[in-house]
Amino acid sequence: MNSESSVVAKQTDAVSDTESQSLRTRDQLAPADHLEILRQLYLARYFDVRLIKEKRRGRLRGTLYSSHNQEAILVGTLFGLRPDDWISPIHRDMPAFFLKDMRSGWNNPDRKGMSVAEVCAQVWGKEASPIRARDNWSHIGSLDKGIIYSTSMLAATIPVAAGVAFAFKLDGQDSVVLTYNGEGATARGDFHEGINFAAIHKLPLITIIENNQWAYGTPVELECPTEDVADRAKGYDIPGLIADGQDVLDVYDKTMWAVERARRGRGPSIIECKTFRAYGHGDHDDDRAMRYRDAEEIERGRSRDPISVYKRYLVEAQLLSAEEADRHTPENRDALQVTDDDFPPEVIAALKEAVEFAVSSPLPEAEEAFRWVFAEDAE
Amino acid sequence: MSAAAAQAQAKNYLTALKDALHEEMERDPNLVCMGEDIGILGGAFGVTEGLLDRFGPLRVVDMPISESAIVGAAIGLAMRGKRVVVEMQFIDFISCGFDQIVNNAATMCYRSAGKVNLPIVIRGPSGGYGGGGPYHSQQNEAWFAHSPGLKVVCPSTPSDAKGLLRASIRDPNPVVFYEVKELYRKRDIVEEIPDGEFLVPLGHATIRREGSDVTVVTYGNMVHFCLKAAERLAEQDVQAEVIDIRTIVPLDEETIRTSIEKTNRVVVVNEASRTCGFAGELLARISEFGFELLDAPPVRVTRADTPVPWVKPLESAVLPSVDGIFEAAMKVVRY
Ligand SMILES: Cc1ncc(C[n+]2csc(CCOP(=O)(O)OP(=O)(O)O)c2C)c(N)n1
Ligand SMILES: [Mg+2]
């Protein structure tokens, strides 16, 4: 199911109804954009590696859902968005909160994405978190930055995202909403209800499916009856694209195709990004996941690290020299084996500062537990 | 004003709700209505009649049969600065949107440290006595009263229906709004309603009948049952004070306490089933703040712990009755 030939076959299928629209938005990327994409991949990886280590040392509360090996989906879907577009990431997408609109400048305080520091403050459960750490990990949002607050309930943000998309239509605004889900979550009623509504009204809603082959301990065949998860789109008469989730530019091209289509009022799309979950469902599951998935499957699933896939492209396209490509090599390695030396200094600096900020932020005071059950200014 | 003119202006419960929606839609261009069959049809009961023609399909949205998406989309719209009124075709079907209400809308303000307010009203027809059977008779407000972050409202008169709906729409919090469908078109329950900025603030009970011998605390359709029981009690020289709490959350404990200080006896009446119904919560609170005020053990009158059956003899057997309320009050008074 994850073979490259089926990916290619479906690609042509899915876009046979295109309106002479380019599937190669990548051609418009400048060399500097490519280097930025690579930096973002590094940052997402470094963030995950750092959290895995912190978690192992018992410094973090809650569960880490590693995004290792799935970073190209986040960078590729987010890179081409406009600042006014909205997103709703899931549990596995922690880096998405800072990757959004990162192109506007990592340290640009006005960019429409969270700072790495804010995200770290959330992970460390500190007062400086955007939600004062009142809910855990990925359940953060910002109306100002266009990030929908999610709950734990898988797929529940799809109807909410459809509502945001409806508001765009109502306000005559051509922004789009990207909502992320695992392949397992596509079995939920909210997935159907939300996309059905969005398709009826041709809302600018794009559903990114991170098909990492596993939903906790259940393989995709037991979650979804169609050959590809993207086939679910047929029931709504909307495009169901398949992207190679290890290839950041393929993800980028498919996303931009769907985004431009949505901006023109043509309605929603589903983009299935084929990938593989590198570790356990959460860090608590790392050991068991070594048993319910066999070694061969894991090795195959991790054999196409998104960083090396991209580097290969860059070198072939002469956007990066082989020497530069080899300067930092965190790819194809286990999280616990990579060290700071494997990442470029600007990536290390960005996270170091953010973690220091998070660690130094105080915990919220206990009295806060009783606040904000209802809107306070109206009381 | 002549009697005929006054008569002409008297509004039933349904018209009062309809007027509230029209007036609020007119007043606030950011208000959107969503629900099943609310536009072209004008609502299963007609509460949303005329809205589509007046405000168009982007503000009066005929939704697919997707309760979860209806509430979810309302949350999304509210995140973009809209106010939303959602209709549940029958409040029984609210269970299909339950997760979005209790896990998403109810907790949003809390989870966002006060940054996100969701001004959403989820309204719909509720209650039994119409032969609706298990899925068209529920009074399931306790589910939502049990979910911090939601306000819960249940008007018993046309003017309250209008004033409370308008106040609910303007409230910055999600509100679950129970309309009593048995009252929608009841001929003997009509009222003249003041024009203009008429609001009934949430969280304020009202005394429907004054009395000194026993306090009867209730809301919704049961208010009318209790008033009938009070008339019969009066024939026995028992003066019942009937309190209509009007909003379940937030609850006006003060009005209840003041009354019990006077009567020292209390009966609590709700239409929902007994175990963990809101009557139980009322009794618990009264016991906590007023145990020493009471001269008799408090009593509640509720539906039996059964679903609401369909045919008349069965339905009547499980739902509260005027007789039952009368007897409960006599028991408390005679204790
Ligand atoms: C409605 C709901 N049911 C169950 C869960 C528990 N749960 C959390 S993540 C998960 C698996 C999700 O798999 P998938 O959607 O494929 O995403 P992935 O974790 O693989 O990225 C489950 C069952 C939940 N969060 N929500
Ligand atoms: Mg999965």
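For the structure itself, consult the block above.
Along each chain, residue indices are assigned from 1 in the same order as the chain's sequence is written. The order in which chains are written sets their letters, starting at A; the order in which ligands are written sets their numbers, starting at 1. Owing to the predicted nature of the model, reporting of local features is limited to residues with pLDDT of at least 70; listing and counting of side-chain atom pairs is limited to 80 or more, with chain, interface and lining totals taken over all residues. With hydrogens and water stripped out, all remaining heavy atoms of the structure feed into the side-chain values.

Draft legend 1. View of the site of ligand 1. All names here are of chain A. As a structural note, the neighbourhood of ligand 1 is formed by 15 residues, with His-91, Arg-92, Ser-152, Gly-184 and Trp-214 the closest of them. Here an oxygen atom of ligand 1 and a side-chain polar atom of His-91 are 2.7 Å apart. Residue-level accessible areas treat just the shown protein chains as cover; the underlying method is Shrake-Rupley with a 1.4 Å probe. Protein burial of ligand 1: of its 580 Å² of free accessible surface, 73% is covered by the chains. For this purpose, a residue is taken to be near a molecule or strand whenever a single non-hydrogen atom of the residue falls within 4 Å of it. Identification of polar contacts relies on pairs of N or O atoms within 3.5 Å, with a donor-acceptor requirement for protein atoms, meaning one able to donate a hydrogen and the other able to accept it, and with residues adjacent in sequence counted only if both atoms are side-chain atoms.

Draft legend 2. Molecular detail of the interface of chain A and chain B. In what follows, residue pairs with any heavy atoms lying within 4.5 Å of each other are defined as contacts. Listed by partner, the interface residues are 41 residues for chain A and 43 residues for chain B. Buried surface area refers to the total accessible area, computed with a probe of radius 1.4 Å, that the two partners give up upon joining, counted for both partners together. Each partner contributes to the roughly 3300 Å² buried at the junction of chain A and chain B, and carbon and sulfur atoms together form 65% of this total. Should a side-chain nitrogen of Lys or Arg be within 4 Å of a carboxyl oxygen of Asp or Glu, the pair is scored as a salt bridge. The interface formed by chain A and chain B includes one salt bridge. Across the pair Lys-82 of chain B and Asp-171 of chain A runs a salt bridge whose closest N-O atoms are separated by 2.5 Å. Taken together, the connections running from chain A to chain B amount to 14 residue pairs in polar contact (both at pLDDT 80 or more). Helix and strand assignments follow DSSP, with helices taken as H or I runs no shorter than four residues and strands as E runs no shorter than two, numbered in order from the N terminus. Of all the elements in the fold, those that place two or more residues in the side of chain A that touches chain B are helix H6 (157–170) and helix H7 (189–200) of chain A. Examining the composition of the side of chain A that touches chain B, we find that nine residues originate from one element, H6 of chain A, more than from any other. Per-class residue counts for the side of chain A that touches chain B are 23 nonpolar, seven polar and eleven charged. When residues are grouped by polarity, Ala, Val, Leu, Ile, Met, Phe, Trp, Tyr, Cys and Pro land in nonpolar, Asp, Glu, Lys and Arg in charged, and all others, Gly among them, in polar.

Draft legend 3. Highlighting the packing of aromatic side chains. Only Phe, Tyr and Trp rings are paired, with Trp represented by its six-membered ring, and only when their centres lie within 6.5 Å; those with planes under 30 degrees apart are stacked, over 60 edge-to-face, the remainder tilted. In total, this model carries 16 aromatic pairs over all chains according to the counting rule given. The interplanar angle of 45° and the centroid separation of 4.6 Å between the aromatic rings of Tyr-46 of chain A and Phe-343 of chain A together place this pair among those described as tilted. Taken together, the positions of Tyr-46 of chain A in helix H2 (residues 31–56) and Phe-343 of chain A in the loop between helix H12 (322–327) and helix H13 (345–360) put the pair 297 residues apart, joining distant regions of the chain. Burial status follows relative accessibility: with a 1.4 Å probe on protein chains alone, a residue under 20% of its type maximum counts as buried, one over 50% as exposed, and anything between as partly exposed. Tyr-46 of chain A sits in the buried class, given a relative accessible area of 4%. Phe-343 of chain A gets classed as buried once you look at its relative accessible area, which sits at 3%. Ring centres 5.7 Å apart and planes at 85° place the aromatic pair Phe-98 of chain B and Trp-143 of chain B in the edge-to-face group. With a gap of 45 residues between them, Phe-98 of chain B in helix H5 (residues 98–111) and Trp-143 of chain B in helix H6 (residues 141–145) connect regions that are remote in the sequence. Ring-pair connections join several aromatic residues into one group, and the members of that group are Tyr-13, Phe-45, Phe-90, Phe-93 and Tyr-184 of chain B. Charges are assigned to positions over rings by a cutoff of 6 Å between ring centre and Lys NZ or Arg CZ, combined with an angular limit of 35 degrees from the ring normal. Just above the ring of Tyr-110 of chain B sits the side chain of Arg-134 of chain A; from NZ or CZ to the centre is 3.9 Å. Against the face of Tyr-279 of chain A rests Arg-302 of chain A, its NZ or CZ located 4.8 Å from the ring centre.

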